[in-house]
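Here is how the chains run, residue by residue.
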Amino acid sequence: MRPGGALARIPVSVAIAILFFIICALFVPRFASFGNLENVARIAAILAIVSCGQAVVLILGGIEFSFGSSVALASVVSVMLLPAAGPALAFAAGIATVVLVGLVNATLIAALGLPAVVVTLGTLMIGHGLAASLAGGLPLDAAASPLFKWPAVGEVFGVPVAVVCAGAALACLWFILSRTELGRRFYLVGANAPAARLSGIGVRATTFAGYLIAGVFCGIASVILTSRVGSGQPNLMSDLPFQTIAACAIGGIPLTGGRGSALHVLAGVAVIAMLNNAVVLLNFPVAAQQLLIAFVIVASVLAQKLASSSFAVLLGLRWRSEP
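An account of the accompanying structure is given in this report. None of the values given here were measured: they were computed from a predicted structure. (Residues numbered from 1 in each chain as written. Predicted model: local features only at pLDDT ≥ 70, side-chain atom pairs only at ≥ 80, totals over all residues. Heavy atoms only, no water.)

Some remarks on the packing of aromatic side chains
Just so we agree on the cut-off: Stacked, tilted and edge-to-face are the three classes assigned to paired rings of Phe, Tyr and Trp, where Trp is represented by its six-membered ring and a pair needs centres within 6.5 Å; plane angles under 30 degrees give stacked, over 60 edge-to-face, the rest tilted. Helix and strand labels come from DSSP, where a helix needs a run of H or I of at least four residues and a strand needs a run of E of at least two; each type is numbered from the N terminus. Residue burial is assigned from relative accessible area. The probe radius is 1.4 Å, only protein chains are included, and a residue is buried under 20% of its type maximum, exposed over 50%, and partly exposed in between.
By the definition in use, this model includes 3 aromatic pairs. For the ring pair F65 and F242, a centre distance of 5.7 Å and an interplane angle of 45° mean the geometry is tilted. Placement of F65 in the loop between α2 (34-59) and α3 (67-111) and of F242 in helix α10 (residues 240-251) is noted, with a sequence separation of 177 residues between them. Judged by relative accessible area, F242 falls into the partly exposed class, the value being 45%.

Concerning the environment of A303
This is how the line gets drawn: Contacts are assigned to residue pairs with any non-hydrogen atoms lying within 4.5 Å of each other.
As for its placement among the helices and strands, A303 is situated in helix α12 (residues 286-307). A C-alpha to C-alpha distance of 9.9 Å links A303 and G252, two positions 51 residues apart in sequence. Those residues within four positions of A303 in sequence are excluded, and the remaining contacts are V12 and I16.

Some remarks on empty space enclosed by the protein
Spelled out, the test is: Site definitions follow a grid-based scheme: protein atoms alone, a 1 Å grid, a 1.4 Å probe that fits but cannot get out for cavities, and for pockets an open set with protein on both sides within 12 Å along at least five of seven lines, plus lining residues having an atom within 4 Å of a point. Grid points are joined across faces, edges and corners, and a volume is the space filled by probe spheres set on the points.
By the definition in use, this model includes 1 cavity of 30 Å³ or more. Taken as a whole, the largest cavity holds about 40 Å³ of empty space. Lining of the largest cavity is provided by E64, S66, F67, S70, V98, V101, G102, N105, A214 and G215. Of all the elements in the fold, those that place two or more residues in the lining of the largest cavity are α3 and α9 (203-229). When residues in the lining of the largest cavity are grouped by element, the largest group, 6 residues, is from α3.

Digging into helix α6 (residues 161-179)
Applied cut-off: Multiplying 1.5 Å by the helix residue count minus one yields the expected span of that helix.
Look at α6: 26 Å from first C-alpha to last across 19 residues, which is about the 27 Å you get at 1.5 Å a residue. Taken together, the buried positions of α6 are occupied by V161, A162, A166, A169, L170, L173, I176 and L177.

Considering the packing of α2 against α6
Applicable threshold: Only the stretch in contact is used when a helix axis is fitted, and all axes are lines through C-alpha atoms; the angle between N-to-C directions ranges over 0 to 180 degrees. Any angle that is under 35 degrees is reported as roughly parallel, and any over 145 degrees as roughly antiparallel; angles of 65 to 115 degrees are reported as roughly perpendicular and all others as oblique. Helix crossings get a hand from a simple test, with the near helix turned counterclockwise from the far one by less than a right angle marking a left-handed crossing and a clockwise turn marking a right-handed one. Side-chain classes follow a simple rule in which Ala, Val, Leu, Ile, Met, Phe, Trp, Tyr, Cys and Pro form the nonpolar group, Asp, Glu, Lys and Arg form the charged group, and the remainder, Gly included, forms the polar group.
For the pair α2 and α6, interaxial distance at closest approach is 7 Å and the crossing angle is 20°. Of the possible angle classes, the one that applies to α2 and α6 is roughly parallel. You can see that α2 and α6 cross each other, and the crossing is left-handed. Contacts between α2 and α6 involve A41, R42, A45, A48, I49, C52, A55, V56 and I59 from the former and A162, V163, C165, A166, A169, L170, L173 and L177 from the latter. Of the residues that constitute the contact of α2 with α6, the class distribution is 16 nonpolar, no polar and 1 charged.

Examining the packing of α6 against helix α11 (residues 262-281)
Interhelical geometry of α6 versus α11 gives an angle of 150° and a closest axis separation of 8 Å. Counted together, L170, L173, W174 and L177 of α6 and A262, V265 and L266 of α11 form the full contact between these two elements. Residue composition of the contact of α6 with α11, by class: 7 nonpolar, no polar and no charged.

Points about the nonpolar core
To be explicit about the condition: Among buried residues, the Ala, Val, Leu, Ile, Met, Phe, Trp, Tyr and Cys ones that are joined through side-chain atoms within 4.5 Å form a nonpolar core.
Residues L173, F186 and V265 are the most contacted members of the largest nonpolar core, which totals 77 residues. The next biggest cluster of nonpolar side chains, apart from the first, holds 7 residues, and it includes A90, A142, F148 and V223.

So, in structure tokens, the structure goes:
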């Protein structure tokens, strides 16, 4: 048996998430109640769906900063079309808007070879500018409609729609990464793009597919988010790309590419969601939330580094950074 036994099969990020849950359950009032945990799951759902897209891009060795403006633009487009087109077509238009942004990113990065940081920061600013122009700089209230609110408040067999969508997104990410040829290409391109190209892999086509898939994940999340806020907001969740990067980092997905899984995304999102909820329940100042998230990111990365060190091996505690 390998050193560490069954622990060797547990990703460090999952152990961190479990430990964090135990700490919150013991020391944060009302944290472990069913109602509060359901609320945590609802709030975490959007972050989980978008983080699936960010994970794909990070595994490819890229990065995505345009998620925030994409969901803002989608919310404005959806609310503007709602009176004439109805909820279903309005939401479809919102998803198409986000996918179009992903298509632009994919074309500029994969086909033209432009740096991902520059391209996605550019579309981030363009998206916010378009959303503000369409909305006149002010939030647009959505017309009252039960179907429009259903993605945010509806349930499927007693499970919130948002949580169902998050579970489906994580399952799709797992399937793509572990059961498809495209997923294997994501890892190979992220680990060593020149070597992948020499082995016959279409690096540009693989990169294009990755950014397009990220856009689809973000588009689905935009529907739930627009339904939740009930309006089109030009500055909706401007920090979303940074939250997804933080979730992936806490989960154990490196920014250097070539590694990561759906389980890592789930663990990272869970830690951030629990942390945000604990801050609220403890009545900490808003500024404390950002400081704690920053601390947890650094501590999580450090813990994963130590877990893979030779010192941890000598103690028989080496855990895999990936499942």
